[in-house]
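# Understanding the architecture of this molecule
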Amino acid sequence: MQRIERLLKKANALPLQSGVYIMKDKSKKVIYVGKAKKLKNRVTSYFRKNSSHNTKTVMMVSNVEDFDYILTDSEFEALVLECSLIKQYQPKYNILLKDDKGYSYIRVTREAYPRISEVKQKADDGAKYMGPFTSSWAISASVREANSIFMLPDCNKSFPRDFGKTRPCLNYHIGKCMGVCTGKISQEEYAETIEQALAFLQGNSKQVLKLMQQKMLDYSEKMQFEKAARLRDRIAAIERLNDRQKVVAGTYRSEDVFALVRGNKKMCLSVLRFRDNRLQESENFIVDNTPDTGEAVRELLLRFYAMRDDIPPRILFEDEIEDAALLEAYFTSQAGKNVKLIVPKKGEQVKLCELCRQNAAQHLALYEGMSMRQTAALDELARLLGLSAPPSWIESYDISHTGGQDNVAGMVVFKDGKPYKKAYKRFTIKGFSGQDDYASMAEVLGRRFRHYYEDEADSSFKQLPDLILLDGGKGQVSAVQPVLAQMGIDVPLFGMVKDSKHKTRAIATSGGEIQINSVRTAFALVTQIQDEVHRFAITYHRKKHKKSTISTGLTAIEGVGQARAKQLLRHFGSLRKIREATTEEIALLKGFSPELAQRIKEALQAPEGK
């Protein structure tokens with residue numbers, strides 16, 4: 001019996017009960033763990049023919065030699081068991097987040113003029129260490145801010161040994177360093193500054209500000225204006241930092257904000273962690289892409305909190321989460337307190353989700369070599385249209401004509417969110433004359449995909465698009481869908497609808513419209529595509545129509561038909577060049593007698609356009 005048949009037979013014997021299934025390879029190694037509300041339905045879906053699996057699932061199934069299962073009394077128990085088994089086996093085909101950040105410490109050297117730095121490990125070097133801290137990102141940023149605000153030196157000089165040996169560096173001259181190397185900063189003043197910096201790092205910025213303001217007034221009264229000026233600059237720096245932090249302040253004391261952005265092959269999960277109403281930590285994870293966003297979000301959230309002891313009472317995500325009630329119950333049991341999964345609809349919480357999404361898009365863009373705007377736009381468009389992945393290759397079509405004359409079409413390609421002009425194509429409508437945009441669009445798409453089947457391998461027509469956008473409404477979509485179905489082309493197809501001012505308004509389907517005005521980056525991309533395909537099609541039409549008009553003018557001359565008019569234009573290039581040619585030059589053309597050449601010259605003597 002074939003492997004798949006054997007596995008399907010075993011799966012069909014499973015009960016319609018909740019539980020966990022454990023996929024194993026030839027070496028009996030666990031390669032995937034999943035949970036199901038009804039085991040039989042879920043496990044058989046892996047081994048049925050013609051299942052629409054993504055690439056990763058196909059790879060997993062191809063390596064499955066056998067599977068085990070464990071029945072549970074409820075789906076909640078199945079979820080708890082699934083998490084435990086994934087943590088135990090770390091299966092190859094489950095979504096796994098790698099938490100490679102260790103603890104961080106703040107290190108303060110013990111010397112006459114101490115330095116403050118962030119380190120990953122404690123050392124037996126006599127220095128003072130503060131920590132450990134779980135967020136290396138937050139500690140690293142805080143140490144940088146403290147050194148900058150209090151203008152502490154970051155050079156390799158040793159003090160007081162190197163006083164006055166070299167000129168002060170650029171940082172001193174631009175006000176970023178207090179200039180200990182000049183020898184003008186006493187050990188007492190420096191020690192006071194270090195104490196202020198450490199108090200700041202411990203979160204006592206309000207207390208530090210109050211003490212510094214009082215000290216600044218004392219220095220001013222004693223006419224120690226240079227010291228007062230240094231304190232003034234530090235106070236201003238702390239106040240600016242506090243202002244910046246208000247921009248990303250959490251509305252609630254403790255919450256985590258998640259966003260998931262998908263790319264072509266990878267996706268990025270970002271989280272902003274707010275504690276005490278302040279952004280404490282930002283993390284980003286790049287993982288393999290999957291078309292099932294709902295399941296991916298569920299797995300990612302479970303994996304993230306499997307690595308964390310701190311689960312906040314509020315977890316935000318921009319879209320509805322699969323098994324939300326189940327996850328809430330699980331996180332509540334793990335945290336020992338009530339935990340809510342929230343999809344914000346308005347206000348500051350929506351802005352925090354957008355900020356997190358931008359963060360994810362930026363990290364994924366850097367990973368995939370694209371811009372943040374392109375990555376975010378393609379991901380938004382995929383979500384909006386229900387695509388399994390962001391469309392890397394988008395083809396768009398538009399028809400252009402003048403009153404049914406000189407019918408043409410333009411095809412433009414956007415590759416990874418940018419115009420890919422090497423793949424642009426132009427079509428002249430050949431199947432009929434007159435005005436029929438629906439028939440024109442059907443003809444063009446039919447010709448395009450005949451090229452897909454018939455062209456050589458190096459033709460750009462051999463690239464199957466991830467998405468087709470037609471300039472027009474549901475009428476165009478309905479006209480083209482039967483053509484694609486008949487040719488066996490399974491590509492998402494939509495129209496781009498314009499308003500009365502010729503501006504992009506919505507995405508059309510065969511059954512209605514999808515509004516996109518509120519989805520900013522996707523709206524901007526669709527508008528760009530619609531404008532570009534319109535520009536390309538109408539430019540080709542104008543060129544063709546101009547030649548057609550000129551050709552019609554030439555055929556008015558006795559003895560000049562369509563063939564000779566085209567011959568003249570092809571040889572001389574334009575009506576102006578024909579007019580400038582001599583009778584002898586025209587007569588040299590095949591089939592043109594001196595008498596005909598003379599008639600053409602006489603007919604074209606009048607100024608152009610008259």
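Residues numbered from 1 in each chain as written. Predicted model: local features only at pLDDT ≥ 70, side-chain atom pairs only at ≥ 80, totals over all residues. Heavy atoms only, no water.

### A short note on the nonpolar core
- Grouped together as the largest cluster of nonpolar side chains are 33 residues, with contacts concentrated most on Ile106, Ile116, Phe150, Leu152 and Tyr190.
- For this core, the secondary structure elements donating two or more residues are β4 (104-108), α5 (136-149), α7 (187-201), α8 (205-221) and α9 (225-247).
- Per-element accounting of this core gives the leading share, seven residues, to α7.
- When near neighbours in sequence (up to four residues on either side) are disregarded, Ile116 contacts Ile106, Arg107, Val108, Val143, Asn147, Leu152, Ile194, Ala197, Leu198 and Leu201.
- The next biggest cluster of nonpolar side chains, apart from the first, holds 28 residues, and it includes Ile95, Leu97, Ile311 and Ile315. (Core = buried A, V, L, I, M, F, W, Y, C linked by side-chain atoms within 4.5 Å. Buried < 20%, exposed > 50% of the residue type's maximum accessible area, 1.4 Å probe, protein only. Helix = DSSP H or I, 4+ residues; strand = E, 2+ residues; numbered from the N terminus. Contact = heavy atoms within 4.5 Å.)

### Thoughts on the packing of aromatic side chains
- Applying the stated rule across the entire model yields 22 aromatic pairs.
- Note on Tyr452 and Tyr453: the rings are 5.1 Å apart at their centroids and 65° apart in plane angle, and the pair reads as edge-to-face.
- Given the relative accessible area of 44%, Tyr453 is considered partly exposed.
- A connected cluster of aromatic rings, assembled from ring pairs, spans Phe258, Phe285, Phe304, Tyr305, Tyr330 and Phe331.
- Cation over ring: Lys415 sits above Tyr420, and NZ or CZ is 4.8 Å from the ring centre.
- In this structure, Lys462 is placed above the aromatic ring of Tyr452, and the distance from its NZ or CZ to the ring centre is 5.7 Å. (Phe/Tyr/Trp six-rings, centres within 6.5 Å; stacked < 30°, edge-to-face > 60°. Lys NZ or Arg CZ within 6 Å of the ring centre and 35° of its normal.)

### Quick look at unusual backbone geometry
- Cis geometry marks the peptide bond from Phe159 to Pro160, where omega comes out at 10°.
- Positive phi is not limited to glycine here, since Met223 has a value of about 60°.
- Position of Met223 among the secondary structure elements: in the loop between α8 and α9.
- Note on Met223: relative accessible area 61%, which makes it exposed.
- Residues other than glycine seldom take positive phi values, yet Asp416 does so here, at roughly 55°.
- Relative to the assigned elements, Asp416 resides in the loop between β13 (405-415) and β14 (418-419).

### Digging into the sheet that holds strand β10 (residues 314-317)
- Here we have five strands laid out as an open sheet, ordered β9-β8-β7-β10-β11, and mixed in their pairing. Looking at the sheet topology across the chains shown, the edges are occupied by β9 (278-288) and β11 (340-342). The average undirected angle you get between the axes of adjacent strands in this sheet is 20°.
- Summarising the sheet, strand β7 (residues 254-262) and strand β8 (residues 266-275) pair through nine bridges and their orientation is antiparallel. Each residue of the ladder has a partner; that of Phe258, found in β8, is Val271. (Pairing = 2+ DSSP bridges. Axes fitted to C-alpha atoms, helices over the stretch in contact; angles between N-to-C directions.)

### Points about the pairing of strand β18 (residues 504-508)
- Across the five residues that make up β18, a large majority, four, are buried.
- Here strand β17 (residues 493-498) runs beside β18; their pairing, made up of four bridges, is antiparallel. Paired with Lys498 across the bridge in β18 is Thr504.
- Hairpin connection of β17 to β18: five residues between the antiparallel strands, including His502 at a positive phi of 65°.
- Pairing of β18 with strand β19 (residues 513-515), which is carried by three bridges, proceeds in the antiparallel orientation. Across the sheet, residue Ala506 finds its bridge partner in β19, namely Gln515.
- Turn length for the β18-β19 hairpin, with the two strands adjacent in sequence and antiparallel, is four residues.

### Section: the packing of helix α14 (residues 437-454) against helix α15 (residues 474-486)
- The interhelical angle for the contact between α14 and α15, taken along N-to-C directions, is 35°, at an axis separation of 9 Å. In this structure, the crossing between α14 and α15 has a hand that is right-handed. Residues Asp437, Tyr438, Met441, Ala442, Leu445, Gly446 and Phe449 of α14 form the contact with α15, whose own contacting residues are Gly475, Gln476, Ala479, Val480, Val483 and Leu484. (Left-handed = near helix turned anticlockwise from the far one by under 90°.)

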